[in-house]
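Here is what each chain is made of, one letter per residue.
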Amino acid sequence: MASRTSTTIPVASRISGFVYAIRNIVAEARKVEASGRKVRYLNIGDPIIFGFQTPPHLVDAVARAIRDGHNGYAPSVGIPAARGAVAAECVRRGMPLDADRVVITAGTSEGIELALTALAEAGDEVLVPVPTYPLYTAVLAKIGARPVFYDTNPAGGWVPDVEAIRRQITPATRALVVIDPNNPTGATYPTDVRRGLLALADEYNIPLLADEVYADLAFDGPVEAIAKLNPDAPVITFSSLSKAYLAPGWRSGWLAVGRTERLDDVLAAIKKLADGRLCSNAPMEYAIVAALDGDRSHQQLFRDDLRERSALTVERLNAIDGISVVPPAAAFYAMPKVELPPGTTDADYVLALLRATGVLCVYGSGFGTKPEDGFFRVVFLASPAELSEIYGLIAEFTADYLCRR
Ligand SMILES: Cc1ncc(COP(=O)(O)O)c(C=O)c1O
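Residues numbered from 1 in each chain as written. Predicted model: local features only at pLDDT ≥ 70, side-chain atom pairs only at ≥ 80, totals over all residues. Heavy atoms only, no water.

Near the ligand you find 14 residues, and of these Ser109, Asn183, Asp211, Tyr214 and Ser242 are the closest. A distance of 2.6 Å separates an oxygen atom of the ligand from a polar atom in the side chain of Asn183. Lys243 places a polar side-chain atom, nitrogen or oxygen, 2.8 Å from an oxygen atom of the ligand. More than half of the atoms belonging to the ligand lie within 2 Å of the grid points that define the largest pocket. Looking at the shell around the ligand element by element, the count peaks at three residues for helix H5 (residues 107-119). The residue makeup of the shell around the ligand, split by class, is five nonpolar, six polar and three charged. (Near = heavy atom within 4 Å. Polar contact = N/O pair within 3.5 Å; in protein donor to acceptor, adjacent residues only side chain to side chain. 1 Å grid on protein atoms, 1.4 Å probe; cavity = no way out; pocket = protein on both sides within 12 Å on 5 of 7 lines; lining within 4 Å. Sits in = over half its atoms within 2 Å of the grid points. Helix = DSSP H or I, 4+ residues; strand = E, 2+ residues; numbered from the N terminus. Nonpolar A, V, L, I, M, F, W, Y, C, P; charged D, E, K, R; others polar.)

Below you can see the structure in the form of structure tokens.
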């Protein structure tokens, strides 16, 4: 038989739809770094790389769990203490449910993947915001389901239009993704909009997937669970230790399925899928208990830091001719718009910015906005002094970029 060792081994065609710009763009940054230029990585929402620290009582809880020998597989749904702590947190946030409806996951990411896999068949539709956190579209590509994008409008503070979403619902709609507080825009949604979104879920019997990973990081204090407005609507909430508890590398999070019986089969399906991956990172499950039952004073300090960085971001970016940004109300992201010269794209601008200054942002089209609309996402976790320098570089570059065209 002829040797086939030189033939490239093919990959599954669905991989072409799996796009995650936040990391994909790093390849370009590495090239710039190789040329000797310092790169400022404003592409990824990881507070640890900017000097924020995991609270010591969480570190102790994990270290203790490891020393105490909790190094075997945990139950696939998570250890009872962590599930109990999550259920109690849901109750506090206004989403009453039992610990039996909680699954401990490898970050919010795994929760999202489990829920979408449990809900959507190939060809089904899932309502996803634009701009979106790109994991949603990536997972849908993997499943073969179709994202149906609903707009959020910068002129209205990046808030969705509930009636427009209603018109996008079809018999194939299997879920409504709501990211509030939002990445990449930093928006939080007003109560009437949250109520409207819940009403859609309730009326059309479509699970609302509530990505609440930034709920504790609204600058004015924690945001309540969306399900509080109607605890009997079909809602699945997701969160983790990654952001508000400053432990993204631990891959430790949870999902909680609303109390309505309408979601019982979905809960069973999620648990079945969870069995297949054995468990989440077991020692880190002990940190979930420490986080949710313990001291949260770090969060107030973190929110204060974020508010200051957000204000600086808005002031400095809005002062640049050709750039405008909606003030964020939460998290560590802003989504400025640059008035692009005709014929250019957001990626052209972002890559030119990277090559000229070493500042790495992510182009808006990586989050689903139109390439010609000129959005890009900034992560504002760096120190105010460094951010100030970065915005100086962006200002200088943009003036040059816009007048050269
Ligand atoms: C909106 C949103 N959802 C989910 C995630 C994933 O977070 P985790 O680290 O909990 O998997 C992120 C991470 O940036 C995010 O911004």
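Turning our eyes to something else, we now look at the sheet that holds strand E14 (residues 362-363). The three strands are arranged E11-E15-E14 in an open sheet whose pairing can be described as antiparallel. With one partner strand each, in any of the chains shown, strand E11 (333-334) and E14 form the two edges of the open sheet. Two elements, E14 and strand E15 (residues 376-379), share two bridges in a ladder whose sense is antiparallel. Of the residues in E15, the one forming a bridge with Val362 is Arg377. (Pairing = 2+ DSSP bridges.)

Next up on the list: the pairing of strand E8 (residues 235-240). Residues in a regular strand project their side chains so that they alternate between the two faces of the sheet. Within E8, six of the six residues are buried, which leaves the element mostly enclosed by the surrounding structure. Along E8, one buried face is formed by Val235, Thr237 and Ser239 and the opposite face, lined by Ile236, Phe238 and Ser240, is buried too. Two elements, strand E7 (residues 208-211) and E8, share four bridges in a ladder whose sense is parallel. The residue bridging Ala210 from the neighbouring strand is Thr237, located in E8. In the sheet, E8 pairs with strand E9 (residues 253-257) via five bridges, with the strands oriented antiparallel. The partner of Ser240 across the bridge, within E9, is Gly253. (Buried < 20%, exposed > 50% of the residue type's maximum accessible area, 1.4 Å probe, protein only.)

Now for the packing of H5 against helix H6 (residues 135-143). It is at 10 Å that the axes of H5 and H6 come closest, and there the two elements cross at 40°. Between H5 and H6, the angle is such that the two are oblique. Crossing of H5 over H6 shows right-handed handedness. Residues Ser109, Ile112, Glu113, Leu116 and Thr117 of H5 form the contact with H6, whose participating residues are Leu135, Tyr136, Val139, Leu140, Lys142 and Ile143. Classifying every residue of the contact of H5 with H6 gives seven nonpolar, two polar and two charged. (Axes fitted to C-alpha atoms, helices over the stretch in contact; angles between N-to-C directions. Parallel < 35°, antiparallel > 145°, perpendicular 65-115°, else oblique. Left-handed = near helix turned anticlockwise from the far one by under 90°. Contact = heavy atoms within 4.5 Å.)

Counted under the stated rule, the structure contains one cavity of 30 Å³ or more. Reported here for the largest cavity is a volume of approximately 130 Å³. What lines the largest cavity is a set of 14 residues, and nearest its centre among them are Glu89, Arg93, Asp216, Ser239 and Trp254. Elements with a contribution of two residues or more to the lining of the largest cavity: helix H4 (80-92) and E8. The biggest single contributor to the lining of the largest cavity is E8, with three residues. (Points joined across faces, edges and corners; volume = space filled by probe spheres on them.)

Right, let's talk about the pairing of strand E4 (residues 146-153) for a bit. Across six bridges, the pairing between strand E3 (residues 125-130) and E4 is parallel. Residue pairing in the sheet places Leu127 in a bridge with Val148 of E4. Between E3 and its parallel partner E4, the chain crosses via H6, and the hand of that crossover is right-handed. Relative to strand E5 (residues 159-160), E4 runs antiparallel, the two sharing two bridges. Looking across to E5, one finds that Asn153 is bridged to Val159. Hairpin geometry of E4 and E5 is characterised by an intervening segment of five residues between the two adjacent antiparallel strands and by a positive phi of about 80° at Gly157. (Right-handed = clockwise from strand over helix to strand, strands pointing away.)

Our focus in this paragraph is the layout of surface pockets. One number sums up the size of the largest pocket: a volume of about 600 Å³. Around the largest pocket sit 28 residues that line it, and Tyr20, Arg23, Ile44, Tyr133 and Lys243 are the ones nearest its centre. If you list the elements that add at least two residues to the lining of the largest pocket, you get helix H1 (21-24), helix H2 (26-34) and H5. Of the residues assigned to the lining of the largest pocket, the class counts are 13 nonpolar, eight polar and seven charged. What lines the second largest pocket is Val130, Pro131, Asp151, Thr152, Pro154, Trp158, Gly368, Thr369, Lys370, Asp373 and Phe375. For the lining of the second largest pocket, the class distribution of residues is five nonpolar, three polar and three charged.

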